[in-house]
Amino acid sequence: MIKIYINRSNLLELAFTVLSFGLFSTSSAKEGMKIPATFEKNSSDIISAGLDIPINKLYNSDGTGLNNAVVLFGRGCTGEIISPEGLLLTNHHCGYGSVQGLSSTQNDYFAKGYWAMSNKEELPCPGLTVTFVRSMEDVTDRILNGIDDEMPESHRDSIISIRIKNLEKGFRFTTKKDATIRAFANGNQYWVIISETYRDIRLVAFPPNGIGAFGGDTDNWMWPRHTGDFSVFRVYANDNNLPADYDAKNKPYQTKQFLTINTSGYKEGDFTMVYGFPGTTQEYITSLQLDQINKIIDPIRIESRTKKLNEWSNNMNNDRNVFLKYTSKRASIANGWKKWQGEVRGLTLNNVSEKKRAFEHKFQDWANTDTALPYAKNLLANIHAKSSSRDALIAANEYIRESVLGIELIQQGAELNRMLKCIDAGLPQEKLNDTLSKISKNWYAFFKNYDAANDKDVFVALMPLFVEKNKQFVPQYYNDELARFGKSYAAWADFVYEKSAVASDKKLYDIATNPDRKKITNDPSWKLYNAIITLRDKKITASLNAYNDSLIRLNRLYMKAQMVKSKYESLYPDANSTLRIAYGHVKGLDPEGPSGYAFQTTLDEAVVKNNPSIPEFTMPDKLRTLFNTKNYGRWAQNGTVPIAFIADNHTSGGNSGSPVLNAKGELIGTNFDRAWEGTMSDYYFDEKWCRNISLDVRYTLFIIEKFGDAGWLLKEMKFTPEPKKIATKKKA
Ligand code: ARG
Ligand code: GLU
C-alpha cells in the first residue's frame, strides 16, 4: 500500500524536477514507469526488451486492453482481475486493514486465515473500493494552451483550475464515467483519467500471518524472501454490472478482461513487466533536496519510530488484544521505518548526491548556452538558494510530526480542538450536534484500535527525544509541565494519562454528549496539542510554506528545462498514483560480490527459517505437513514449490499487489516489495541494486488449493498451459 512517507510540505518541496536526473544518468530501458497510453507512439524499447504481444493488447481505450484487468485497490495498492467473475488478487498486506475490520479475538483471521467456500461466504468489506482505469488521454495542450511559463503562479493556477473543471465536466458527460485530470511532470503535462470505482468488494481468501506475513518486519524490504503475501477479493456489481453500494443482491462483476495465469514458470533473463499504480517518486530532485531527505528527514523518522516500535512490540507480544488493535498500525509504521533505513544505505553506498552534483554541472553547461528558455541558466542557483538555510525548520517539523504527533493522545487533541472550534463558532444547536456526532464517530473508530497504557509508554519514550533534540522549538507549556513533575517524564505521563479524557472512552463520550469548553481546554491532550500546533504555526509553517511555494514554480521550470534539453525523448514523469507499466528482466542480486542471491526462493528454504519461538517466523502446522508429505499437487518445481522471485522492474510503494506479467501478458506473479538498498529507486534507479520482489503465482495457487482447501476458486481461472494437458503429459 502507499505509505505517505513524505509529508505534504516535503512533497511540494520535492515533487518536482521531473526529467533531469534519470534521463541523463543511465537511460536504461529498465528505468522508469511509463504511462501505458504512451506506448502507442513509442513502443520500440519495450518490444526490444521482449514484449511479445501487440501494444494495443497491453493498453487501449476501446475496453479490450489489459488495463481493464489492473485496478487501484483501496486507496494505495494495486490488484488484478483473474477471472470472468471479478475475482481479484492482491497482497496480504493490502488486504490487512480490511481484514482487521472483520477480525476479533473470536474470529482471528490473522491467526487462522479465511477461506470462503462459496460466493455466499464472501465477506463484505465496508469502505473498500476498486477502481478501473478505462482510458487516459493527454490533454496538456488544452490545459496549458497560451499559458506563459513565467506567468505569476496564482494567475496560472486559477486559469488551469477553471480549465480542468470544465474539461472534466465534458469528459464525464461524454463517457458517462468518472473523469479526473491530473498534473504530471511537475505541472508540465496533464492527462485525463476515465475510470469506474466499484464499492461492493468482498473478502474471499486470506492466508494466516504465518504464511501471508511470514518473516514479518525482519524480512520486510529484504531479499531473499519467503512471504506468501497475497489475498483474494471479489468485485460485486449491480444488475447492470455497474458500481453500487453493498447489497446482498449484488452479483459478481462480469468481465472479459481478466488475466490468464501462466504456470510454467520463468528463468533468469526472462522479460517481465509490472502493471500498476506506483505512488510517489522524486527522480529529478536536486542534490541539496536529496541531502535533506537522506541526512535530515529519514534519520529523524527512523530514530523516532525505533522508539515507538519498541514500546508497541513489547506490549503487543504480551497481550493479544493489544496485538489485534495495533497490528495494522504497527505494520504501516514499521514499513516506513525499515524502508528509510534501506534508502539511506542505498543512497550513501552509491554516492547518489555526488552523482546528482555531477549531473547538475552538465545541466548548467547546457543552460549557459541554451537560448530557448532564457530562465534556465539561473534555475539551479535559485533552487539551491531556496533549499539551503531551511534545514533547521525541516528538522523541527519532522520531530513534531513523528515524536509529538506520533503520540496518539496528543494527536487526538486535534479532535478536541475541532470540537472547541464548533462551540466557539456558536453554531446553531442542530449543526453543533451534527458535527459532534461526526467527531464521536471518529472516536469510536479510534478507540477500537487504541490502548492507553501502550500509548503512555510511547509518550515516555518519545517526549524526551523531542524535548532534548529540539531545544529551540519546545513549547513553554511542555517545559513548565516537565519542571512541575521534577523532570520525570514518567510522572508527567502518569498525570496526563490519568487526567485526559482521551485515555478513557467513557470520559470522551461524555465530552462529546455534553460539550463543555472548560473540560476541553483543561484536558492535557488538548493542551499538549494546542501548544505544539501554536508553536508550529508561528515558528515553522509560515516560512516552510513560503519556501515550498516558491519551489513549486522553480521545480516546474527546471523540469521543463530538462524536457527541452532532452527533446522530450524517453522521459517518464514521476509516479503519482496513476496507472503505469515498468518492464525489465528476471535477475538475481549480486551487489557486493560473487556470492549474490539467486533470483528465486522456495518452500524448502522457508521451512528452514521456520521457528516456533519467534511469532514472525512461525509457519502453520498444516503447511509443514504439506511440506513433510510433499503434497504439492501440480505446483511443484524441482521437488519443491517456488515462493518468490526478483527482477529489475522499476517499482514503488503502490505497486504492491501489481500483476507481474510475462512477455505474452500472462500473470506469473504478484509484486509485493523491493530489495532493501534498492528502495533508493524512488530517487535514483540503479540496475545493480534495484529489484522488485514478486510472489510466484504458483505459490499463491498452491496455498489456495492445498492449504486453504479452496480449490473451487481455481475453476473460474484461466491457465496456460491448461491443467488437463499437464495431467496427460504426466501420464504419457
Ligand atoms: N514492504 C512492503 C511494502 O511496502 C510490504 C509491507 C508489509 N509488510 C510488513 N511487514 N509491514 O508495502
Ligand atoms: N510493499 C510496497 C507497497 O505496499 C510495494 C513495494 C515497494 O514500495 O516497492 O506498495
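About the cut-offs
- Residues numbered from 1 in each chain as written.
- Chains lettered and ligands numbered in written order.
- Predicted model: local features only at pLDDT ≥ 70, side-chain atom pairs only at ≥ 80, totals over all residues.
- Heavy atoms only, no water.
- Buried < 20%, exposed > 50% of the residue type's maximum accessible area, 1.4 Å probe, protein only.
- Helix = DSSP H or I, 4+ residues; strand = E, 2+ residues; numbered from the N terminus.
- Pairing = 2+ DSSP bridges.
- pLDDT = per-residue confidence, 0-100.
- Contact = heavy atoms within 4.5 Å.
- Disulfide = S-S within 2.5 Å.
- Expected span 1.5 Å × (residues − 1).
- Phe/Tyr/Trp six-rings, centres within 6.5 Å; stacked < 30°, edge-to-face > 60°.
- Lys NZ or Arg CZ within 6 Å of the ring centre and 35° of its normal.
- Salt bridge = Lys/Arg side-chain N within 4 Å of Asp/Glu carboxyl O.

**Q** Which residues make up the pairing of strand S10 (residues 231-237), and what are the values?
**A** In terms of burial, S10 is largely enclosed, as 7 of its 7 residues are buried. Alternating positions in S10 separate into two faces, Ser231, Phe233, Val235 and Ala237 on one and Val232, Arg234 and Tyr236 on the other, with burial throughout. Pairing between strand S9 (residues 200-206) and S10: 5 bridges, direction antiparallel. Counterpart to Ala205 in the pairing with S10 is Val232. The pairing of S10 with strand S11 (residues 251-252) spans 2 bridges and is classified as antiparallel.

**Q** Hey, could you go over the confidence of the model for the protein chain for me, with residue numbers and the actual values?
**A** For the protein chain, mean pLDDT is 92; residues scoring 70 or higher make up 94% of the total. Contacts for the low-pLDDT stretch residues 1-29, under 50 throughout, to residues beyond four places or in other chains number 113 contacts.

**Q** Explain the state of the cysteines residue by residue, including any values.
**A** Covalent bonding between the sulfur atoms of two cysteines defines a disulfide. By the definition in use, this model includes 1 disulfide. Between the sulfur atoms of Cys77 and its disulfide partner Cys94 the distance amounts to 2.1 Å. One quick way to see it: the torsion about the S-S bond of Cys77 and Cys94 is about -80°, and its sign makes the bridge left-handed. With Cys77 in strand S2 (residues 77-81) and Cys94 in helix H5 (residues 92-102), this residue pair connects regions lying 17 residues apart in the sequence. There is no split in this pair, since Cys77 and Cys94 are both buried. Summary of cysteine pairing: Cys125 is not part of a disulfide, and the nearest cysteine sulfur, belonging to Cys94, is at 13 Å. According to the relative accessible area criterion, Cys125 is buried, its value standing at 5%.

**Q** A description of the pairing of strand S3 (residues 87-90) should follow, citing residues and the corresponding values.
**A** Across a regular strand the side chains alternate sides, sitting on one face of the sheet and then on the other. Residues Leu87 and Leu89 of S3 are buried on one face, and the alternating residues Leu88 and Thr90, pointing to the opposite face, are buried as well. Sheet analysis places S2 next to S3, joined by 2 bridges and oriented antiparallel. Note that in S3 the partner of Glu80 across the bridge is Leu89. Where S2 folds back onto S3 in an antiparallel hairpin, the turn is made up of 5 residues, including Gly86, whose phi is positive at roughly 70°.

**Q** Can you explain helix H8 (residues 153-175)? Please cite residues and give values.
**A** With 23 residues, H8 should reach 33 Å at 1.5 Å per residue; the first-to-last C-alpha distance of 32 Å fits that figure. Here H8 has its buried residues at Glu153, Arg156, Ile160, Ile164, Leu167, Glu168 and Phe171. Elements in contact with the buried residues of H8: strand S6 (130-138), helix H7 (140-144), strand S7 (178-184), strand S8 (189-198) and helix H24 (524-565). Backbone geometry just downstream of H8 places Lys176 in the positive-phi region, at approximately 60°.

**Q** Please set out the packing of aromatic side chains residue by residue, giving values where relevant.
**A** For the structure on display, the rule yields 34 aromatic pairs. A centroid spacing of 4.2 Å and a plane angle of 35° characterise the contact between Tyr266 and Phe645, whose relative ring orientation is tilted. Taken together, the positions of Tyr266 in the loop between strand S12 (261-262) and strand S13 (271-276) and Phe645 in strand S16 (residues 642-647) put the pair 379 residues apart, joining distant regions of the chain. In this pair, the class of Tyr266 matches that of Phe645, namely buried. Note on Tyr284 and Tyr572: the rings are 5.9 Å apart at their centroids and 55° apart in plane angle, and the pair reads as tilted. One end of the pair, Tyr284, is in the loop between S13 and helix H11 (287-318); the other, Tyr572, is in the loop between H24 and strand S14 (580-585), and 288 residues separate them in sequence. In textbook terms, an aromatic cluster arises when at least three aromatic residues are bridged by ring pairs, as seen for Phe459, Phe466, Tyr477, Tyr478, Tyr489, Trp492 and Tyr497. Directly above the aromatic system of Tyr326 lies the positively charged group of Lys329, at a separation of 4.2 Å from the ring centroid. Seen from the ring of Phe719, Arg634 lies directly overhead, with NZ or CZ sitting 4.9 Å from the centre.

**Q** Explain the environment of Tyr558 to me, and be specific about the residues and the numbers.
**A** Relative to the elements of secondary structure, Tyr558 occurs in helix H24. Placed 181 residues apart in sequence, Tyr558 and Lys377 show a C-alpha to C-alpha distance of 9.8 Å.

**Q** I'd like a rundown of the environment of Met151, residues and numbers included.
**A** Here Met151 lies in the loop between H7 and H8. Note on Met151: relative accessible area 14%, which makes it buried. Met151 has contacts with Gly146, Arg156, Ile159 and Arg553, leaving out every residue within four places of it along the chain.

**Q** Requested: an account of the pattern of salt bridges, with residues and values cited.
**A** Under the counting rule described, the total for this entry stands at 41 salt bridges. For Glu408, the salt bridge is made with Lys329, and the minimal N-O distance between the two is 2.5 Å. You can see Glu408 sitting in helix H16 (residues 408-411) and its partner Lys329 sitting in helix H12 (residues 320-349), a full 79 residues away along the chain. Among the residues examined, Glu408 registers a relative accessible area of 10% and is labelled buried. With a relative accessible area of 25%, Lys329 lands in the partly exposed category. One continuous salt-bridge network, built from bridges that share partners, spans Arg301, Arg305, Glu398, Arg401 and Glu402.

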